[in-house]
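Letter by letter, the chains look like this.
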Amino acid sequence: MICFRSVKGHKMKKILVTGATGQIGSELTMALRDQFGADNVVAAGHSRQPLPNLQQSGPYCQLDVRDSSALRQLVEDYQIDTIFHLASLLSAVAEEKPQQAWDINMNGLLNVLETARLHDCAVFFPSSIGAFGAGTPAIDTPQDTIQRPSTLYGITKVAGELLCDYYHQRFGVDTRGLRYPGLISNIALPGGGTTDYAVDIFYQAVKNGHYDCFLGADTQLDMMYMPDAIDAAIQLMKTDGHKLHHRNAFNITAMSFTPRQLAAEIQKHLPGFTLAYRIDPVRQTIADSWPRHMDDSAARAEWGWQPRFNLSKMVGDMLDKIALKLSKG
Ligand code: VAH
């Protein structure tokens, strides 16, 4: 088992993943179990059914992160020292249910940070390109820049970054975070995000040879393939805390493309594939307020961030995996 020392000398021995049944959690939990031992990684889900391997390969429990006493009990029972807090509503859903999104995203995080303070846990918190807004430089978006998002999701991400910084500075909690771009994966589906088109397109391309995209042809956004997103979270949490200047949260990106460019790459493998546009005004407005391409040099310099997958490598791998998945039914 790999151990690491953080700024306060934590060893990542007993890990809790909240939101473990979501798009990131389904894969992060399995990667952590591989690295740290299945019994040492507790998966906590809420509204989604866990995939069978997640439920069977190690401890699994139901948890609403708004329930602070249930969260504390879990951390005590399993003697948790590190929490990957992924439970959250995504951008498009949050626009439909802003009050609920505030409740889950903010009160869930506050409960996690309070629990971490009381039980001396390290915390990973995923922020997002959604933490930026229309006033932010859209090209080469700096690590430290204007953050005035216009979505409820983005507001919870900026507030979350600040709250994590506060718990670090005020109470010494070892908080760390990443500003993820759109994430592309072939295991669990994303649930209600603005970048979900970049996942849906593969299923439709393989099944039907056609996709109606809800974002416009030239909407350029940062993206990342899930294996890189998982490696980044684990690598950041393993880094010697003394090397980190930014903590909450690091810009990271692996590629940046438009729906038109993604379709062209898919057509290299499936020449008959066609793409049409049926714009969803809510998600288009959200996407238009986000950066086109972030500068992730702070992550590269402070903890060695380096993605493995570019657009062509990601598309080849996605098509192979989705074809295999769909052929199995
Ligand atoms: C969302 N996929 O749309 C997320 C994300 C890059 C955006 O944080 O909610």
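Within each chain, residue numbers correspond to sequence positions counted from 1 in written order. Where totals are concerned, whole chains, interfaces and linings use all residues; where local detail is concerned, this predicted model gives features only for residues with pLDDT of at least 70, and gives and counts side-chain atom pairs only at 80 or more. Hydrogens and waters are ignored; side-chain quantities use all the structure's heavy atoms.

A. Expanded view of the pattern of salt bridges. We define a salt bridge as a contact between a side-chain nitrogen of Lys or Arg and a carboxyl oxygen of Asp or Glu at a distance within 4 Å. Applying the stated rule across the entire model yields 14 salt bridges. Salt-bridge contacts for D103 lead to R66; the nearest nitrogen and oxygen are separated by 3.0 Å. In this pair, D103 is assigned in helix 5 (residues 98-119) and R66 in the loop between strand 3 (60-62) and helix 3 (68-78), connecting sequence segments 37 residues apart. Classification of residues uses two cut-offs on accessible area relative to the type maximum, computed with a 1.4 Å probe and protein chains only: under 20% is buried, over 50% is exposed, and between them is partly exposed. Taking the relative accessible area as the measure of exposure, D103 reaches 27% and is therefore partly exposed. Put simply, D212 and R278 hold a salt bridge, and the shortest N to O gap is 3.7 Å. In this pair, D212 is assigned in strand 9 (residues 210-213) and R278 in the loop between strand 13 (274-277) and helix 10 (281-288), connecting sequence segments 66 residues apart. According to the relative accessible area criterion, D212 is partly exposed, its value standing at 32%. Secondary structure follows DSSP: runs of H or I at least 4 residues long count as helices, runs of E at least 2 residues long count as strands, and numbering of each begins at the N terminus.

B. Spotlight on the site of the ligand. Lining the immediate surroundings of the ligand are L90, S91, S128, I129, Y153, P181, G182, G193, T194, T195 and W290. By the criterion applied in these results, polar contacts are pairs of N or O atoms within 3.5 Å in which, for protein atoms, one can donate a hydrogen and the other can accept it, and in which residues neighboring in sequence qualify only through two side-chain atoms. Here an oxygen atom of the ligand and a side-chain polar atom of S128 are 2.7 Å apart. Computed with the Shrake-Rupley method and a 1.4 Å probe, the accessible areas treat only the protein chains shown as cover for residues. Protein contact buries 93% of the 280 Å² of open area that the ligand shows by itself. Domain start and stop positions are those given by an automatic or database domain assignment. Shared between two domains, the shell around the ligand takes at least three residues from each, and those domains are domain 1 (15-182 + 225-251) and domain 2 (184-222 + 255-293 + 309-327). Nearness of a residue to a molecule or strand requires only that one of the residue's heavy atoms be within 4 Å of it.

C. Fine view of the sheet that holds strand 11 (residues 250-251). Should DSSP find at least two bridges between two strands, the strands are taken to pair. The seven strands are arranged 3-2-1-4-5-7-11 in an open sheet whose pairing can be described as parallel. The open sheet has two edge strands, strand 3 and strand 11, and neither has a second partner. By definition, residues are in contact when any of their heavy atoms lie within 4.5 Å. A fitted line through C-alpha atoms serves as each axis, taken over the contacting stretch for helices, and the angle formed by two N-to-C directions is quoted from 0 to 180°. Set on the sheet, helix 8 (residues 226-238) makes contact with strand 4 (82-85), strand 5 (122-128), strand 7 (175-180) and strand 11; between it and strand 7 the angle comes to about 155°.

D. Local environment of the sheet that holds strand 8 (residues 182-184). Spatially, the three strands line up as an open sheet ordered 8-10-12, and their pairing is mixed. Across the chains shown, the open sheet's two edge strands, defined by having one partner strand only, are strand 8 and strand 12 (255-257). When the angles between neighbouring strand axes are averaged without regard to direction, this sheet yields 40°. Two elements, strand 10 (residues 221-225) and strand 12, share three bridges in a ladder whose sense is antiparallel. For L221, the partnering residue across the bridge sits in strand 12 and is F257. Contacting strand 8 and strand 10, helix 8 runs over the sheet at an angle of about 80° to strand 10.

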